[in-house]
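If you want the building blocks of each chain, they are given just below.
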Amino acid sequence: MSESFPRLHARTRRFSLGAPRGFTIAPGGDRVVFLRSKGGSDPVTCLWEYDVAGGRERLIADPRALAGGEEDLPPEERARRERSREQAGGVVGYSTDAAVTTAAFALSGSLYVADLRTGGVRRLKTAGPVIDPRVSPDGGYVGYVTGGALHIQDLEDEVDHVLARPESPEVTYGLAEFIAAEEMSRMRGYWWSPSGDALLVERADVSPIERWHIADPANPSRPAVEQRYPSAGTRNAKVELFVLSLDGSRVAVPFTDEYLVNAVWDAHGPMIVTMSRDQRSKRLFAVDPATGATTLLREDTDPAWVEVYTGVPGRLTDGSVVWVAAAEGGHRLFVGDRPVTPATLQVREVLDIEGDTVLFRASGEPTEIALWAYKDGRITLVSPAESGVYSGHTAGGTLVLTTQTMTHEGAVTIVLHHGRQCGHIASYAERPGLDLRVSLIRAGERDLSTAVIFPSGHEPGSARLPVLMDPYGGPHAQRVLAASGAYLTSQWFADQGFAVVVADGRGTPGRGPDFERAILNDLATPPLEDQVDALHGAAARFPDDLDLSRVGIRGWSFGGFLAALAVLRRPDVFHAAVAGAPVTDWRLYDTCYTERYLGRPDEGHYEASSLFADAEKLERPLLLIHGLADDNVVAAHTLRLSSALLAAGRPHTVLPLSGVTHMTPQEVVAENLLLLQVDFLKKALG
């Protein structure tokens, strides 16, 4: 008997294991370094190199051969992986010098350096468990953080130097603080100078942040874990910047804004991006590394909020700044002060800047993400014209192109050199083996991007099926994409006897700033209205296939909030809900995310988006699921809502998950969560 989808889905970490990722192309375009495990169910990620001319792969580092046994990660590394949603183990990240001849990575807290010319790997002695090792651009040194201190090790004589030592246990040098990693996609806290003689370093002091405690009720003998959590309206970490030279000198780089969004150090010098606490202004500065003085290069403001974009700032050869900003109704690529993309093309992120070429991702149609290049005042479509989701990297005339479409299972990675395909990097990811029955439509009054998924054996018009809404529905996450991998779990739910509807409402990306900003000061009403709108639009499109008298909704995180909200406020539409790790009171969520959309708690916008006042309205079956070790959406969200429901005399079900975080990576947990949800929904909907 073949393995069930829930077990396969769990064992393969949602079919992510075995897929190549983390590409770095050598400046000459002759080699590609990347990460990949040896199989679709192998969670141990290895470091590989691909020879472009010969089309051959070479294994550089196998963690089982180097370290063996189970991983023993320091707490800081576990936290980094939770922030980055990393589900695998082994070599999950690495850095190289500018020539891509030396690579550094950490395994179980130990520091390893690989010579990419010979394939040799050596383990270096360090002062303690290693976090975030980074090779200097000249290949002479490797930096790393241990115990909150930033160390530099000479790769020739292996002499270790402490460049910055924390003044207290609440201080770290060289690490991104919680908000930067969780909400701004900045996973690093130090940046090498191109010459390798100095670094731009973040100093983070978490002592102003309030203390929370996460206990494990299933193991009362264990003490609660103390965590510094910056909830909405409270104080953030104090973040400072310094230029630290290898000769021991220190230069402060002062800035006044609340958030350090990003930093780079290229041939033209360092640049930093800062953002105000209310997130209505963002500023780009050039930094003089000798004095720490800053020069304002650009300031963006917005009455709602300014966006944080991945991959910028950067510079072309002549020093022109590469930037992304909202302008004239679109997210647009800027070179200098001039937008170089039309407002109808929504720029998602910048991937690479090589010389005078900028490689970036952008959407014309919201469900598609194409690969584009800017050069000499023109933009060119790089990815194929076929509808899909594309990404890539480029250097030295080589392009690594990753393709996902509706017609192929999984992602395909091909290598092109000067426009000609010269090979591909194999994926060992498992194939789910589902017969996808997905229709992508525009539904409702707002032409919402919507996917309708039927059971693989369903004949159109043969029966009205119970409906399962399967949204995320919140900012910065999109569910409806022209990629088959986006619908695997939804298709499995459909094959259990549901018509599944997935819709991206207001607040989700891909349709421009105005569509995203419709949720300002109200995270509840527009997203819920749009789920109802999409449901009715899908029913109008398939009137003989959707039974609107039996509608369930499920979701996780923001989707969990939306699912609980649906049965509380619209029981006339939704008849059962599964809410996983829901945010129930936005005062309990973090500063940067929550204040971006709702402002500070004393501004009066939180009650309308809270679930507690609606507790007495519950009249439909509701299953609440929460990991008790969740340090992002803490279990207090579910427990407090359950208390409010109990106080109102409203029956409901709570499933606590001992030792489980926000990601639910445990195989047995992930498998049975799918089965339990189906069982609950079938019983609730009859």
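Provided above is the structure to which this section pertains.
Note that the structure is predicted; figures quoted are calculated from it, not measured.

(A) Looking closely at the overall build of the chain. Scanning the chain for helices and strands turns up eleven helices and 44 strands. Principal-axis analysis of the C-alpha atoms places the extent of the chain at approximately 70 × 55 × 55 Å. Classification of the 686 residues of the chain by burial places 59% in the buried group. Here the chain displays about 26,200 Å² of accessible surface, and carbon together with sulfur accounts for 50% of that area. Side-chain charges in the chain split into 67 positive and 89 negative, and the spacing between the mean points of these groups amounts to 2 Å.

(B) Local environment of the packing of aromatic side chains. Applying the stated criterion across every chain yields a total of 19 aromatic pairs. When the ring of W492 is compared with that of F493, the centres are 5.2 Å apart and the planes differ by 75°; the resulting orientation is edge-to-face. Three or more aromatic residues joined by ring pairs make a cluster, and in this case those are W305, Y472, F558, F561, W586, Y589, Y593 and Y597. The aromatic ring of F515 is capped on one face by R511, whose charged end is 4.5 Å from the ring centroid. The residue whose ring lies beneath R517 is W305, and the NZ or CZ to ring-centre distance is 5.0 Å.

(C) Spatial organisation of the packing of helix α5 (residues 488-495) against helix α11 (residues 667-685). Contact geometry for α5 and α11: axes closest at 11 Å, N-to-C directions at 40°. The pairing of α5 with α11 is recorded here as oblique in orientation. When the axes of α5 and α11 are compared, the crossing they make is right-handed. Judged by residue contacts, T489, W492 and F493 of α5 engage L674, L675, Q677, V678 and L681 from α11.

(D) Quick look at the pairing of strand β21 (residues 259-266). Of all eight residues in β21, seven are buried, a share of seventy percent or more. Judged from the seven bridges that link them, β21 and strand β22 (residues 269-275) form a sheet pairing that is antiparallel. From the neighbouring strand, L260 faces β22, where its bridge partner is T274. Connecting β21 to the antiparallel partner β22 that follows it, the hairpin turn spans two residues.

(E) Here's a closer look at the pattern of salt bridges. Going through the model one piece at a time under the given rule, you end up with 47 salt bridges. Among the ionic pairs, R361 bridges to E349, the shortest N-O distance being 3.0 Å. Residue R361 is found in strand β30 (residues 357-363), and its partner E349 is found in strand β29 (residues 346-354); the two are separated by twelve residues along the sequence. A salt bridge links E365 to R442; the nearest nitrogen and oxygen atoms lie 3.0 Å apart. One end of the pair, E365, is in the loop between β30 and β31 (370-375); the other, R442, is in strand β37 (residues 438-443), with 77 residues separating them in the sequence. Take E365: its relative accessible area is 27%, and that puts it in the partly exposed class. Overall, the relative accessible area of 38% leaves R442 in the partly exposed class. In this structure, a network of salt bridges that share partners links the residues E77, R80, R81, D132 and R134.

(F) Broad picture of helix α7 (residues 525-541). Taking 1.5 Å per residue as the helical rise, α7 with its 17 residues ought to reach 24 Å, and the 24 Å between its terminal C-alpha atoms agrees with that figure. Most of α7 sits out of view: twelve of its 17 residues are buried. Within α7 the residues assigned to the buried category are P526, P527, L528, D530, Q531, V532, D533, A534, L535, G537, A538 and A539. Against the buried residues of α7 lie β37, β38 (448-453), β39 (465-469), β40 (499-504), β41 (546-556) and α8 (558-569).

(G) Looking closely at the packing of α7 against α8. It is at 10 Å that the axes of α7 and α8 come closest, and there the two elements cross at 75°. Looking at the two axes, α7 sits roughly perpendicular to α8. Between α7, through P527, L528 and Q531, and α8, the contact on the second element is made entirely by F558, L562, L565, A566 and R569. Considering only residue class, the contact of α7 with α8 consists of six nonpolar, one polar and one charged.

(H) Summary view of the nonpolar core. If you look at the biggest cluster of nonpolar residues, it comprises 77 residues, and the most contacted ones within it are M184, M469, L546, F574, W586 and L622. By residue number, the principal contributor to this core is α8, which donates nine residues. Sequence-distant contacts of M469, defined by excluding residues within four places in its chain, comprise V501, Q531, L535, V551, G552, I553, R554 and F574. Residues L434, V500, V578 and V660 belong to the second largest nonpolar core, which totals 29 residues.

(I) A look at the environment of P656. Along the polypeptide, P656 turns up in strand β44 (residues 653-657). Distance in space between the C-alpha atoms of P656 and P217 is 10.0 Å, their sequence separation being 439 residues. Those residues in contact with P656 that lie beyond four places of it in its chain are H626 and L628.

(J) Here's a closer look at the environment of V438. Turning to its location among the elements, V438 is positioned in strand β37. As a C-alpha pair, V438 and S281 span 157 residues in sequence and 41 Å in three-dimensional space. Those residues in contact with V438, other than ones at most four positions away along the chain, are M406, A451, V452, I453, Y487 and Q491.

(K) Structural detail: the sheet that holds β30. Across the sheet, which stays open at both edges, the four strands sit in the order β29-β30-β31-β32 with antiparallel pairing between neighbours. A strand with exactly one partner marks an edge of an open sheet, and here the two such strands are β29 and β32 (378-381). Going across the sheet, the axis of each strand differs from the next one's by a mean of 30°, ignoring polarity. Strand direction decides the pairing type here: β29 and β30, joined by seven bridges, are antiparallel.

(L) Region of interest: α8. Between its first and last C-alpha atoms α8 spans 16 Å; for twelve residues at 1.5 Å apiece the expected length is 16 Å, and the two agree. In terms of burial, α8 is a largely internal element, eleven of the twelve residues being buried. Three or more residues of α8 are buried, namely F558, G559, G560, F561, L562, A563, A564, L565, A566, V567 and L568. Lining the buried residues of α8 we find α7, β41, β42 (576-580), α9 (591-598) and β43 (622-627).

(M) Quick look at the sheet that holds β37. The eight strands are arranged β37-β38-β40-β39-β41-β42-β43-β44 in an open sheet whose pairing can be described as mixed. Of all strands in the sheet, those with a lone pairing partner are β37 and β44, marking the two edges. Pairwise comparison of adjacent strand axes, ignoring direction, gives a mean angle of 20° for this sheet. When β42 meets β43, the two strands line up parallel, connected through four bridges. When the sheet's bridge partners are listed, V578 is paired in β43 with L623.

The rules behind each value
- Residues numbered from 1 in each chain as written.
- Predicted model: local features only at pLDDT ≥ 70, side-chain atom pairs only at ≥ 80, totals over all residues.
- Heavy atoms only, no water.
- Helix = DSSP H or I, 4+ residues; strand = E, 2+ residues; numbered from the N terminus.
- Buried < 20%, exposed > 50% of the residue type's maximum accessible area, 1.4 Å probe, protein only.
- Areas by Shrake-Rupley, 256 points an atom, 1.4 Å probe, with all protein chains shown as cover.
- Lys, Arg positive; Asp, Glu negative; His and termini not counted.
- Charge placed at Lys NZ, Arg CZ, Asp CG, Glu CD.
- Phe/Tyr/Trp six-rings, centres within 6.5 Å; stacked < 30°, edge-to-face > 60°.
- Lys NZ or Arg CZ within 6 Å of the ring centre and 35° of its normal.
- Axes fitted to C-alpha atoms, helices over the stretch in contact; angles between N-to-C directions.
- Parallel < 35°, antiparallel > 145°, perpendicular 65-115°, else oblique.
- Left-handed = near helix turned anticlockwise from the far one by under 90°.
- Contact = heavy atoms within 4.5 Å.
- Pairing = 2+ DSSP bridges.
- Salt bridge = Lys/Arg side-chain N within 4 Å of Asp/Glu carboxyl O.
- Expected span 1.5 Å × (residues − 1).
- Nonpolar A, V, L, I, M, F, W, Y, C, P; charged D, E, K, R; others polar.
- Core = buried A, V, L, I, M, F, W, Y, C linked by side-chain atoms within 4.5 Å.

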